[in-house]
Amino acid sequence: MTLLNTTAVLVSWVVVSRVCTWYRLRHIPGPPIAAWSILKSICEQYGPVTRIGPNWVICNNPAEIRRIWSVHSGYQRSPWYKGFRFDPGQDQDSVLTANENKAHHFIRSQLLSGYNGVLNNQEKPVDEQVVKMLGVIERKYVSDSVVGVRPMDMGKTFLHFTQDATAAVGFGQSFRYIEADRDIFGGMAALEAMMLPVQLLALFPPLLTLLKTPPIIALLPKPTDGQGLGRLLGLIKAHVDERYGETRVQGTDVLQDEIDAASRTVARPVAVIKEVLRIWPLITGLMPKVSSSDDVICGVKVPAGTNVAWAPFGIMQNRALFGDDADWFEPQRWLDAEPARLKEMEAVQGLAFAAGTRWECLGIRMAYMELGKVLFELFLRYDFTMTDPTKPFEWINHSFTVHKHMNVNITKRGLGVAI
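Here we summarise the structure given alongside this text. (Residues numbered from 1 in each chain as written. Predicted model: local features only at pLDDT ≥ 70, side-chain atom pairs only at ≥ 80, totals over all residues. Heavy atoms only, no water.)

Describing the pattern of salt bridges
Using the criterion set out here, one finds 19 salt bridges in the structure. Each of E275, R278, D325 and R333 takes part in one network of salt bridges that share partners. (Salt bridge = Lys/Arg side-chain N within 4 Å of Asp/Glu carboxyl O.)

Structure representation (structure tokens):
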């Protein structure tokens, strides 16, 4: 009887809590089953604010998302972010996982001068990685009548470059993915495999407590591992220990204590880069924010404590702003837009980096610098054609987009540019 009574109490608690959660958001439209499970964005069918889960709504209105993400909105990050801890067995947060505003601001303040002020020092390590990538392309992937066709997986090569450039700027030396032209430690494959499980953890934060139990902690990646994510964490730990150990090593990267805050003016990204980031936003996770007080979003009352997520593809392909062809790749729209409209388009497209908001990506300037340098150097030297034009690439998306099998044939443009 004791077991039956306990079971009955648990079942009753689950039912009552679910009903109470449903009741709070009963006035917000959405598919009936969405009141009990998480679904994809369906704002086009149900309106700019749609219920997608027991305590979740999603919004595809750009102006409202910019307001909610602004500094003085009264919103803060949802516990959803806790699911992205590299080491979920620990309670220490990073700039990504800190959800309380003061804690998040403190961590950002420790990193901001490094990311912003280091631009003078960023260019050299980034340039070094660009040269390494060009060298690999020249040695292994340029096709001609002598060596024949040698396809390159552009998605893989660009991922190697991004990881090495970030490490070179952040730690003073790269992970050496480019030179090896492969996932040396299996770290990137491990991160890709974790994308879906991490999403599940993020959607159900109480599950994080299970990761702190001894049996689970024993299975988590460790810096002492020889392969996978653990090995990557080990490399990062070694850099940090070297910098902040008993014998401190000074450097000019983002781990340095004091960095000259002066930075160069960053040129506006070209139309193609803007359009790529609009069609393929970098982060497509729910990115939920919560408010401690009731709010009104697009005329709909949203109770305090509700997870308010954004609909990235709906926002980036907003027809009222970008036109009836908003779901088409058309860089010309950035060149033809009137100044006032262009400013609004840039503000919305900038949400790919949360630009201009409380949660703006610290690496936004570096990202645009890398994009500008890589595209200029590559298209200056080479012509690219898809190996299979009918299937240019495959992609998966669990908050982060991964392009796979983006195979291209590369030929020299014949401009005689030396590597």
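Looking at the packing of aromatic side chains
Scanning all chains against the criterion turns up 10 aromatic pairs. Ring centres of F175 and Y177 lie 5.9 Å apart, and the angle between their planes is 70°; this geometry places the pair in the edge-to-face category. Considered together, F175 and Y177 belong to a single accessibility category, that of buried residues. What links up through ring pairs into an aromatic cluster is the set F175, Y177 and F185. Here the guanidinium or amino end of R278 rests over the ring plane of F322, the centre of that ring lying 4.8 Å away. (Phe/Tyr/Trp six-rings, centres within 6.5 Å; stacked < 30°, edge-to-face > 60°. Buried < 20%, exposed > 50% of the residue type's maximum accessible area, 1.4 Å probe, protein only. Lys NZ or Arg CZ within 6 Å of the ring centre and 35° of its normal.)

A short note on unusual backbone geometry
We note that D181 has phi near 55°; this positive angle belongs to a residue other than glycine. Mapped onto the elements, D181 comes out in the loop between α7 (177-180) and α8 (187-203). (Helix = DSSP H or I, 4+ residues; strand = E, 2+ residues; numbered from the N terminus.)

Brief notes about the nonpolar core
In this structure, W69, W80, L286, I297 and W310 are the most contacted members of the largest nonpolar core, which totals 48 residues. The element that contributes the greatest number of residues to this core is strand β2 (residues 56-59), accounting for 4 residues. If near-sequence neighbours (up to four positions away) are discounted, L286 is found in contact with I52, W56, I58, W80, L203, A309 and W310. (Core = buried A, V, L, I, M, F, W, Y, C linked by side-chain atoms within 4.5 Å. Contact = heavy atoms within 4.5 Å.)

Examining the sheet that holds strand β9 (residues 382-386)
With respect to topology, 3 strands assemble into an open sheet ordered β4-β12-β9, the strand pairing being antiparallel. The open sheet has two edge strands with one neighbour each: β4 (152-153) and β9. Against the sheet, helix α16 (residues 364-381) makes contact with β9 and β12 (407-412), and its axis sits at roughly 95° relative to β9, the strand it touches most. (Pairing = 2+ DSSP bridges. Axes fitted to C-alpha atoms, helices over the stretch in contact; angles between N-to-C directions.)

Some points on the pairing of β2
Consecutive residues of a regular strand have side chains that alternate between opposite faces of the sheet. Of the two faces of β2, the one holding W56 and I58 and the one holding V57 and C59 are both buried throughout. For strand β1 (residues 49-53) and β2, the ladder comprises 4 bridges, and the chain directions are antiparallel. Bridged to R51 within β2 is V57. Where β1 hands over to β2, the hairpin turn is made up of 2 residues, counted between the paired strands. In this structure, β2 lies alongside strand β8 (residues 307-310), joined through 4 bridges in parallel fashion. If you follow C59 over to β8, its bridge partner there is W310.

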